[in-house]
Amino acid sequence: MMKKRLSYCTLALLPGVLLIVVSVWLNVATPARANGGTRHVAPTGNDSSNDCTTPGSPCATIQHAVDVAVQGDTIKVAAGVYTDTHTVPGVGYVVVVELTKTVTLRGGYDASFSDPSDPEVNETVLDAERAGRVLYISGAGPTIENFTITGGHGPYSGGGIYVTGASPTISGNLIVDNIADGDGGAIFVNRGSAQILNNSIISNTATWAGGLRIINDADVVITGNEIVSNVAQISGGGIDLGCCGGVTPLIERNLIAHNDGGSRGGGLRVAHTHAEVVNNLFVHNEATKGAGTYLEGTLSHPVSTTWLHNTLVGSPGEGEALWVAEYVSATLVNNIASSFLTGITNTVPASSTVEANYTLFHNNGTDYGSGVSNNNEVSGDPDFVAPGEGDYHLRPSSAAIDAGVDAGVPVDMEGEPRPMGPAPDVGADEARLRIHVPLVLKRY
Ligand SMILES: [Ca+2]
Ligand SMILES: [Ca+2]
């Protein structure tokens, strides 16, 4: 880059004839740009003797493009439905795509493969048709974005996407209607790390963890997702974090709504590990214990969790925003718990502590029980804009506005700056400043 810039500067100073000579030399010296870094896949394509590098002659299957790709390649996939399941050699899993190299896999293209891709217009569906999982990722750091991932069936863990010992970025996908017989209907992450960003994770089912299952100290970031209507029979409807406390997964700016966690943890279950939970909106999740969230540790793997600026809304007379079982240390600052049977319940005060600061409890049967240290409580109506329509922004009359304390969170659930006005708002939304036009400007 530096060299190129230097060439332009030098050229500008040269007389015309010399300029032509140099230009000709540059043209000769610069090879035609190879297209090897980009591969192309379309339903109309052909895999036979095809390295997928020519947009006009794409490959037919994503797996073939992955197999011929090298580290760092981008594989562009055109709109259509891809159902080509096959067995991963050595592992025996049936998948649509196996990824063991660091490539970018991106859907949402039209037949010309021109950027940017648009999955809304060019829906690119990976459908395992219940023959196996959709994606199996191990030992690499690929990016998977702008796909619809559906029809997956995990014989045990991971219905849609199975990640083991890898560090993928999974971004902008619709992950819908996948099933795991065991845990992780949508995504299962074992060890490694994963960035799970801005996906819609909807209507996936499993025995444990209907949506996301994270275990064995996988260092995950779960940000900006819609995690809705996932079902677990036993625990963790939306997200289920498991063993072992070596890392602290971050759950930030997600909508976690209408998930069913069976016995424990409708929206979220955190068990035997840590979690930082920031700027999330939990709405109408269900479980026998902990409709919003269920926290449980053991003596050897206690739970330590920090909750900043979350809004938890239940169905009046049902469930708990937060159910705390044994060996939990929970610190809460600037949260809203509204319309639950019980806001926060600490069922084992002998081994668990809950410190709640600047909490707005509203419309609960009981706000909190014994074993909850409640300080600087905020009282009043959060006065959401239109909860019946899923709009949990704060009205100007909300008791949550400017009622919080600086918790070091610089944005709100939608990425707007925090604080606006004199102080941070309690809950996931920071209400936009009302603009007061100064008198002097009103004259003009
Ligand atoms: Ca404010
Ligand atoms: Ca806002």
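None of the values given here were measured: they were computed from a predicted structure.

Here we take up the overall build of the protein. A tally of helices and strands in the protein yields 4 helices and 42 strands. In the protein, which comprises 444 residues, the proportion classed as buried is 52%. In the protein, 68% of the contacts between residues at least 6 apart in sequence involve partners at least 24 apart.

This paragraph deals with the pairing of strand β1 (residues 38–41). Two strands pair when backbone bridges link them, and β1 and strand β2 (residues 74–78) are joined in this way by 4 bridges, in the parallel orientation. Within β2, the residue paired with Thr38 across the bridge is Thr74. Remark: the β1/helix α3 (residues 62–68)/β2 crossover connection has right-handed handedness.

With that out of the way, let us pick up the sheet that holds strand β11 (residues 153–154). Strand order in the open sheet made by the 4 strands is β11-β15-β19-β23, with parallel pairing throughout. Single-partner strands in this sheet number two, and they are β11 and β23 (231–235). One ladder, built from 2 bridges, connects β11 with strand β15 (residues 179–183); its direction is parallel. Its bridge partner lying in β15, His153 is registered against Ile179.

The subject of this paragraph is the sheet that holds strand β10 (residues 148–150). Pairing is parallel across the open sheet formed by 11 strands, whose spatial order is β3-β7-β10-β14-β18-β22-β26-β29-β32-β35-β38. Because the sheet does not close on itself, it has two edges, and the strands there are β3 (80–82) and β38 (360–362). Across the sheet, the mean angle separating the axes of adjacent strands is 10 degrees when strand polarity is ignored. Relative to strand β35 (residues 336–338), strand β32 (residues 311–313) runs parallel, the two sharing 3 bridges. When the sheet's bridge partners are listed, Leu312 is paired in β35 with Ala337.

Should the pLDDT be low somewhere, the predicted coordinates at that spot are not to be read in detail. Residues of the protein with pLDDT of at least 70 account for 89%, and the chain-wide mean is 91. Note on residues 1–35: pLDDT under 50 across the span, and 5 contacts to partners over four residues away in sequence or across chains.

Examined against the element boundaries, Asp110 turns out to sit in the loop between β6 (104–109) and β7 (124–127). Setting aside residues no more than four positions away along its own chain, Asp110 makes contact with Ala78, Ala79 and Asn122.

Below, the discussion takes up unusual backbone geometry. In this model, Asp115 is joined to Pro116 through a cis peptide bond whose omega is -5 degrees. By the element assignment, Pro116 lies in the loop between β6 and β7. Of the consecutive residues Arg418 and Pro419, the connecting peptide bond is found in the cis state with omega at 0 degrees. By secondary structure assignment, the location of Pro419 is in the loop between β42 (391–394) and α4 (439–442). Positive phi, normally seen in glycine, also occurs at Ala209, with a value near 65 degrees. You can see Ala209 is positioned in the loop between β19 (205–208) and β20 (212–215). Taking the number of C-beta atoms within 10 Å as the measure of exposure, Ala209 has 36 and is therefore buried. Backbone geometry at His272 places phi at a positive 65 degrees, although glycine is not the residue there.

Basis of the calculations
Residues numbered from 1 in each chain as written. Chains lettered and ligands numbered in written order. Predicted model: local features only at pLDDT ≥ 70, side-chain atom pairs only at ≥ 80, totals over all residues. Helix = DSSP H or I, 4+ residues; strand = E, 2+ residues; numbered from the N terminus. Buried ≥ 20, exposed ≤ 12 C-beta atoms within 10 Å, placed from the backbone. Contact = placed C-beta atoms within 7 Å. Pairing = 2+ DSSP bridges. Right-handed = clockwise from strand over helix to strand, strands pointing away. Axes fitted to C-alpha atoms, helices over the stretch in contact; angles between N-to-C directions. pLDDT = per-residue confidence, 0-100.

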